[in-house]
Amino acid sequence: MSNQNNQILKNTNAQILDEFNASIMFDKELYSQDIRGSIAHSQMLCEQGVLTKEEQEAIEQGLLQVKKEIESGDFEFTLATEDIHMAVESRLTEIIGEPGKKLHTARSRNDQVATDFRLYVQEKSLSIKAQLKELVDTFVNVANKHTETLIPGMTHLQHAQPLNFGYHMLAYANMFKRDFQRFESSYERNNYSPLGSAALAGTPHNIDRNSTCEKLGFTAPTSHAMDTVSDRDFALEILFNISTCMMHISRISEELITWSSYEFQFVRMSDEYATTSSIMPQKKNPDVPELLRGKTGRVYGNLISLLTVMKGLPLAYNKDTQEDKEGVFDSVKTVEISISILNEVIKTMIVNVDKMEGACKIGHLSATDLADYLVQKQDMPFRTAYYITKDVVAKANSLNKDISELTIDEIRSSSEELKDINEEIIMYLDLRNSMNARTSLGGTSTKQTQNQIDDFKNWLESQGK
């Protein structure tokens, strides 16, 4: 091979290696956090006498100029600078000269990236939490309109007992409230500043970690430098929180897909969130809920990916950790748009009350009420009442009726033990009465549902605007 070809091959390999090694094309997402952390670091260095006031002011103004250039699109990101930290520092030095070279005193890229990334995760935890609060509010508002709308409650996707639709909506409000609380808990647990940990063992420079911690809004500095620079628990937590939230989004999406089918017709989605078939103009496909359901697998993959990256890493920092960010950025964007879209889907969906209530007459939803009545009013053992109820259900099936539609004579004739049953049983088998009979704490009665709505409203109010 000629020397010229050898040189071309070397150049090609060098370029490939640069692309493989660099993170600038994705960690530029952290420019704002990087500049914010650098300004706090420079202010602390000035307070400690490492920088003069003039040097610190030049550094801060230079960093703000770099930020302005990035946000205006005038900043050129290149592989030569490898990552966002070197990109910002190199441009800063071009702008202000020698003082820019002093900025990195008493820190490492290890604690710098840990700080930048943690700031990003903390900020996103707060913004996602705010979105979840709005989503809970939407579910509560829909629930408040439907505390008396009957819907068949299901287990194993089989009709089980009558519920009110508001109660069903509150189940999702509870899920998303727990998601809110998970982001809140993670924020509090991870709100500790890595800055000042340096490479892995701290620094001999006279720094004040409490000062940078306060400037950046952290609760306190982290307590162990080596753990800090190698820790990505905070990133795993936000990925887990997002995955759990997306699982809840997927569950309501599955119900929306089912409910909007011809077989159910419980809800109709706004035309904005459904599409027609390319060849069948009569069809209205639930594309948006299907996409929400599908994107759940995407965020699961990001969580498993980072768990796999971290599982075998020795202390302290390793280059593998560079793989921590893209999945987090992707999952954050996915959950942000998913919550926003789901919120609008729920706000704009049309509830078909008649179809829901009609479906409650399929499957003998008030059968349990007969068994409960026999236990409470006739002092029967539950298992005996259970088998008598099966006889009544069989009678209803033979007449092609729902158990709630049986006359007193039909009930009496279904079992020898019921030949003298009181006519009040008819009231107990009424579907709406059945729903309202569930008055235990957390139950589906209209009264209990309204109590739960009131509790949610108080909780939402306590979270502020």
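I will try to describe carefully the structure that is included in this document. All values derive from a computational prediction rather than experimental measurement.

Attention now goes to the overall build of the chain. Counting its secondary structure elements, the chain contains 19 helices and eight strands. The C-alpha atoms of the chain give 31 Å as radius of gyration, which overshoots the globular expectation for 465 residues (23 Å, by more than 25%). The contacts in the chain between residues at least 6 apart in sequence include a share of 75% that link residues at least 24 apart. Just so you have it, the chain exposes about 22,900 Å², and 49% of that area is on carbon and sulfur atoms. Positive and negative charge centroids in the chain, built from 49 and 67 side chains respectively, lie 1 Å apart.

Between helix H3 (residues 31–47) and helix H8 (residues 209–216), whose axes approach to 9 Å, the crossing angle comes to 140°. It follows that H3 is oblique to H8 by the angle criterion. The handedness of the crossing between H3 and H8 is right-handed. Seen from H3, the contacting residues are Arg36, Gly37, Ala40, His41, Gln43, Met44 and Glu47; seen from H8, they are Ser211, Thr212, Lys215 and Leu216. When grouped by side-chain class, the residues that make up the contact of H3 with H8 number three nonpolar, five polar and three charged.

Our focus in this paragraph is the pattern of salt bridges. Here the structure, examined in full by the defined rule, presents 25 salt bridges. In this structure, the salt-bridge partner of Glu57 is Lys53, at a minimum N-O distance of 2.3 Å. Separated by four residues within a single helix, Glu57 and Lys53 lie in helix H4 (residues 53–72), roughly one turn from each other. Using a relative accessible area of 38% as the deciding quantity, one classes Glu57 as partly exposed. Taking the shortest distance from any N to any O, the salt bridge between Lys101 and Glu98 comes out at 3.0 Å. Here the salt bridges do not stand alone but share partners, grouping Glu82, Asp83, Arg109 and Lys319 into one network.

This paragraph deals with the environment of Asn206. Along the chain, Asn206 falls in the loop between strand E3 (192–193) and H8. In sequence terms Asn206 and Val50 are 156 residues apart; their C-alpha atoms lie 8.3 Å from each other.

Moving on, we get to helix H15 (residues 382–398). Between its first and last C-alpha atoms H15 spans 24 Å; for 17 residues at 1.5 Å apiece the expected length is 24 Å, and the two agree. Within the span of H15, buried status applies to Ala385, Ile388, Thr389, Val392, Val393 and Ala396. One side of H15 holds all its buried residues, which, seen down the axis, span an arc of 150°. If you follow the buried residues of H15, they end up packed against helix H14 (367–377).

Attention now moves to the packing of aromatic side chains. For any pair of aromatic rings, the description rests on two quantities: the centre-to-centre distance and the angle between the ring planes. Tallied over the full model, the rule gives twelve aromatic pairs. An aromatic cluster of at least three residues, connected via ring pairs, comprises Phe117, Tyr120, Phe234 and Phe329. Above the ring of Phe456, the side-chain terminus of Lys177 is found at 5.6 Å from the ring centroid.

On to the packing of H3 against helix H6 (residues 109–145). At a minimum axis separation of 9 Å, H3 and H6 run at an interaxial angle of 120°. Here H6 runs oblique to H3, going by the angle between their axes. As for how H3 packs across H6, the hand of that crossing is right-handed. Between H3, through Gln33, Asp34, Arg36 and Ser38, and H6, the contact on the second element is made entirely by Gln112, Asp116, Leu119, Tyr120 and Glu123. Class assignment of the residues belonging to the contact of H3 with H6 gives a composition of two nonpolar, three polar and four charged.

What follows covers the environment of Pro204. Structurally, Pro204 is set in the loop between E3 and H8. When its relative accessible area of 85% is taken as the criterion, Pro204 is described as exposed. Note: C-alpha distance between Pro204 and Val345 (141 residues apart in sequence) is 56 Å.

A few words now on the pairing of strand E2 (residues 158–164). Summarising the sheet, strand E1 (residues 150–155) and E2 pair through six bridges and their orientation is antiparallel. Within the sheet, the bridge partner assigned to Ile151 lies in E2 and is Leu163. Remark: two residues form the turn of the hairpin made by E1 and E2, two consecutive strands paired antiparallel; His156 in that turn has positive phi of roughly 55°.

Looking now at the state of the cysteines. Between two cysteines, a covalent bond joining their sulfur atoms is known as a disulfide. For the structure on display, the rule yields zero disulfides. Not engaged in a disulfide, the cysteine Cys46 finds its nearest cysteine sulfur in Cys213; these two sulfurs lie 19 Å apart.

A separate point is a nonpolar patch on the surface. Together, Phe382, Tyr386 and Tyr387 make up an exposed nonpolar region whose accessible area comes to about 310 Å². With respect to the helices and strands, Tyr387 occurs in helix H15.

Relative to the helices and strands, Asp179 resides in helix H7 (residues 165–190). In terms of polar contacts, Asp179 uses its side chain to reach the side chain of His248, at 2.8 Å. For Asp179, the contacting residues outside a window of four places in its chain are Leu132, Thr244, Cys245 and His248.

Definitions and cut-offs
Residues numbered from 1 in each chain as written. Predicted model: local features only at pLDDT ≥ 70, side-chain atom pairs only at ≥ 80, totals over all residues. Heavy atoms only, no water. Helix = DSSP H or I, 4+ residues; strand = E, 2+ residues; numbered from the N terminus. Rg over C-alpha atoms; globule rule 2.2 N^0.38 Å. Contact = heavy atoms within 4.5 Å. Areas by Shrake-Rupley, 256 points an atom, 1.4 Å probe, with all protein chains shown as cover. Lys, Arg positive; Asp, Glu negative; His and termini not counted. Charge placed at Lys NZ, Arg CZ, Asp CG, Glu CD. Axes fitted to C-alpha atoms, helices over the stretch in contact; angles between N-to-C directions. Parallel < 35°, antiparallel > 145°, perpendicular 65-115°, else oblique. Left-handed = near helix turned anticlockwise from the far one by under 90°. Nonpolar A, V, L, I, M, F, W, Y, C, P; charged D, E, K, R; others polar. Salt bridge = Lys/Arg side-chain N within 4 Å of Asp/Glu carboxyl O. Buried < 20%, exposed > 50% of the residue type's maximum accessible area, 1.4 Å probe, protein only. Expected span 1.5 Å × (residues − 1). Arc of directions from axis to C-beta. Phe/Tyr/Trp six-rings, centres within 6.5 Å; stacked < 30°, edge-to-face > 60°. Lys NZ or Arg CZ within 6 Å of the ring centre and 35° of its normal. Pairing = 2+ DSSP bridges. Disulfide = S-S within 2.5 Å. Patch = residues over 30% accessible without salt bridge, like charges linked within 9 Å, V, L, I, M, F, W, Y side chains within 5 Å. Polar contact = N/O pair within 3.5 Å; in protein donor to acceptor, adjacent residues only side chain to side chain.

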